[in-house]
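Notes for the structure review
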Amino acid sequence: MTPTPPLQPLLDDAVIMLEAPTQAWSDDIGRMGTAPIHGIYHGDVRHIRSIEITVDGTALESIGCVSAVPQQTVLTDLLRGLDDESADPKVRMDRDRRVAAGAFSERITITSHLDAPVATAVTVRVLPDFAPMQEVKAGLGTEATWSWDGSICRAGEASFTLTAPEAAVTQDGEALVLRWDAVVPPRGSVALGWAVDLDDPTLVVTAARPSRAPQPAVPADSRAARWMAQATADLSALRLALPDHPDDAFYAAGAPWFFTLFGRDSLWAARLALAVDPDMAASTLRVLARLQGTGHDASTAEAPGKIAHELRSGALSLPNEGVHLPPLYYGTVDATPLWICLLADAHAEGMPEREVRALLPPLRAALTWMTVHGDASGSGFIDYADESGHGLANQGWKDSGDSIQWRDGRLAEGPIALSEVQGYAYEAAVRGADLLDTFGEPGGAELRAWAADLRERFRAAYWITTPEGRYPAIALDAHGAPVDTLTSNIGHLIGTGILDPEEERTCAALLTAPSMSSGYGIRTMSTDAAGYWPLSYHGGSVWAHDTAIAVHGMIRAGLDAEARVVAAQLLDLAEGFDYRVPELHAGDARVPGGAPLPYPAACRPQAWSAAAAVVVTHALG
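In this report, the structure presented in the accompanying data block is examined. What you see is a predicted model, and the numbers here were worked out from it, not measured in a lab.

A word on the side chain of Q395
- With respect to the element layout, Q395 can be found in the loop between α7 (360-373) and β23 (417-418).
- Judged by its relative accessible area of 4%, Q395 is buried.
- Apart from the residues within four sequence positions on either side, Q395 is in contact with R264, Y329, G331, T332, V333, D334, Y384, A385 and D386.

What follows is the structure in structure tokens.
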């Protein structure tokens, strides 16, 4: 029999607790270690692979799992082997598990309603792991060598300190074993506890200080209120900072794989959530400005003025995809114009003038990258190509290798000039010019001329007619040919100003038509395309943030009726996932009485999916 190749872990039925940069995954009855994703992670390392709890003399029979906040899960089990013979269960165990940044704890409480004492032994078996996150994601096993000195478990620079008051702690082969001999008094309870403090001095991110933003107003719609409450809690749990500037927070992209700074993701999350947390926009801008490119380096995709794509503690290798990224990687074509757009939004929302003025030098550098360095191939449009041979083949938000396809399913040949990036660039140039004018800086007229020229050339080069209608192509390929698949990318153009009002209405109509609208949001690719598949990562699935960006643009373009239709679909989606919206879900068409189908490897929570709640609430308000 041919061995099964390594597979990425599925996530959709797992329970997560998180407070960035720490997270813990288990199943809904508290078992940790029965699925590939399970474990306790700190940064990019899984410190503990599994936790197994046993109570002598009885099986554990789960009756409850409650996760009221992202940082806590309470599990309840019956211990009927310790009970009497009556029908009512009288002995139970409650496990209160919590995470904080750099910490995990569990409080075990056994309660009895019996008239006699109950004697038992409780054992917790902890399996250290220290597997790199990228190996977990790739489905690879690891055999890390670790040492134990009676309180600290260490592998290389990563370690955790274990405390378990009143427990006997021993090492049993590959596991650490905690044992309590407990006597539960008649009609009483006994509480046992243990905890680990996790440490990794190589981390390049740290927990952010608490947000000063007030709680957002509670929407009148009860479902919108539930989504907003969950989204706000998740966004709070995803807050990170860089160690040398702990006051400047940003949103980690998402759990489990993206617990770090991602330029595009952090910018869009901050932009979508701007109405409820303007401080996050300002701090995200500052964080990314400090990492802005200063020179040309093909190995990292750095260029002067370019905004970074991602930051990690070490190199990221994805052997299944042939990708090897350096710790600080700049392979994103859209983060730079998006940085400019967010700065303009933040200024309009009241970002203090002194803070905006301090960002004028990085603004000028970003504008220069966009107008001078962004057209790497000489196509006349902002484009990308991986020059390193081991970077991302696609460098827009749809960054999987097969995301840019022709209608017949062929992959487009790069360099690629994405349509939505031209829209971002047009908006960035116009609004960047306005910022320069506002602060008495030169260059506004030249930027507006550049933007006007881009707009006219875009109209001539991108608009196509296919059996599905007339719309902008997803991209131009290496030969300047418009790649003709109808995709959700056209939703990102609405509201940027690169389209005229009639063109915006045309795009909105296509996005709400059956081939693109799943009933739970906008598909990434039309069902009429040969490459469409509802479980394709970027070729037919639905991403909540992608749909929310279209709603955001529709509102700005005055297409309020269309925005409400699409926003209502996202609210139904949120209800279908109990208000924690995943990274993406399957693009199957909605059926009466049905529910959205998971994409089983989708991350959750995801910052920009959570931030979609803010835009939806605005659209439906």
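Regarding the side chain of T547
- Its location among the elements puts T547 in helix α12 (residues 544-556).
- In contact with T547, other than residues within four places in its own chain, are G521, I522, V542, V566 and L570.

What about empty space enclosed by the protein?
- For the coordinates displayed, the defined rule picks out four cavities of 30 Å³ or more.
- Together, W268, R271, Y424, E427, G491, H492, I494, T496, I549, H552, G553 and R556 line the largest cavity.
- Breaking the lining of the largest cavity down by element, the ones donating at least two residues are α3 (263-272), α8 (419-438), α10 (489-493) and α12.
- Of the residues forming the lining of the largest cavity, the biggest block, four residues, is contributed by α12.
- Looking at side-chain class alone, the lining of the largest cavity contains four nonpolar, five polar and three charged residues.

Considerations on the nonpolar core
- Counting residues in hydrophobic clusters, the biggest one holds 150 residues, and the most contacted among them are W227 and W339.
- By residue number, the principal contributor to this core is helix α14 (residues 607-620), which donates ten residues.
- If we skip the residues at most four places from it in the chain, W227 touches L570, L571, A574, Y579, V581, S609, A612, A613 and V616.

Overview of the environment of Y537
- Position of Y537 relative to the elements: it lies in the loop between α11 (501-511) and α12.
- A sequence separation of 39 residues divides Y537 from G576, and the C-alpha atoms of the two residues are 20 Å apart.

Comments concerning α3
- Among the ten residues of α3, ten are classified as buried, and the element is accordingly described as predominantly covered.
- The complete set of buried residues in α3 reads G263, R264, D265, S266, L267, W268, A269, A270, R271 and L272.
- For α3, the secondary structure elements touched by its buried residues are β18 (245-251), α4 (278-290), α5 (335-348), α8, α12 and α14.

Things to note about the state of the cysteines
- Scanning the model with the defined rule gives zero disulfides in all.
- Among the cysteines around C341, which has no disulfide bond, C507 carries the closest sulfur, lying 17 Å off.

Digging into the pattern of salt bridges
- The final tally for this structure, using the stated rule, is 40 salt bridges.
- Here R264 makes a salt bridge to D334, at a shortest N to O gap of 2.8 Å. Of this pair, R264 sits in helix α3 while D334 sits in the loop between β22 (328-329) and α5, and the two are 70 residues apart along the sequence.
- Among the ionic contacts, a cluster of salt bridges with common partners joins D248, R286, R290, R354 and E355.

Concerning the packing of α4 against α5
- Interhelical geometry of α4 versus α5 gives an angle of 145° and a closest axis separation of 10 Å. Both α4 and α5 take part in a crossing whose hand is left-handed. Counting all contacts with α4, which are made through A281, L285, L288 and A289, the residues of α5 involved are W339, L342, L343 and A346.
- When the residues that make up the contact of α4 with α5 are grouped by side-chain class, the tally is eight nonpolar, no polar and no charged.

Quick word on the layout of surface pockets
- Here the second largest pocket is characterised by a volume of approximately 570 Å³.
- Lining the second largest pocket we find 23 residues, and of these Q230, F577, D578, R580 and R604 sit closest to its centre.
- If you list the elements that add at least two residues to the lining of the second largest pocket, you get β1 (15-19), β5 (61-69) and α2 (222-237).
- Among the residues forming the lining of the second largest pocket, the class breakdown is 15 nonpolar, two polar and six charged.

What counts, and where the lines are drawn
Residues numbered from 1 in each chain as written. Predicted model: local features only at pLDDT ≥ 70, side-chain atom pairs only at ≥ 80, totals over all residues. Heavy atoms only, no water. Helix = DSSP H or I, 4+ residues; strand = E, 2+ residues; numbered from the N terminus. Buried < 20%, exposed > 50% of the residue type's maximum accessible area, 1.4 Å probe, protein only. Contact = heavy atoms within 4.5 Å. 1 Å grid on protein atoms, 1.4 Å probe; cavity = no way out; pocket = protein on both sides within 12 Å on 5 of 7 lines; lining within 4 Å. Points joined across faces, edges and corners; volume = space filled by probe spheres on them. Nonpolar A, V, L, I, M, F, W, Y, C, P; charged D, E, K, R; others polar. Core = buried A, V, L, I, M, F, W, Y, C linked by side-chain atoms within 4.5 Å. Disulfide = S-S within 2.5 Å. Salt bridge = Lys/Arg side-chain N within 4 Å of Asp/Glu carboxyl O. Axes fitted to C-alpha atoms, helices over the stretch in contact; angles between N-to-C directions. Left-handed = near helix turned anticlockwise from the far one by under 90°.

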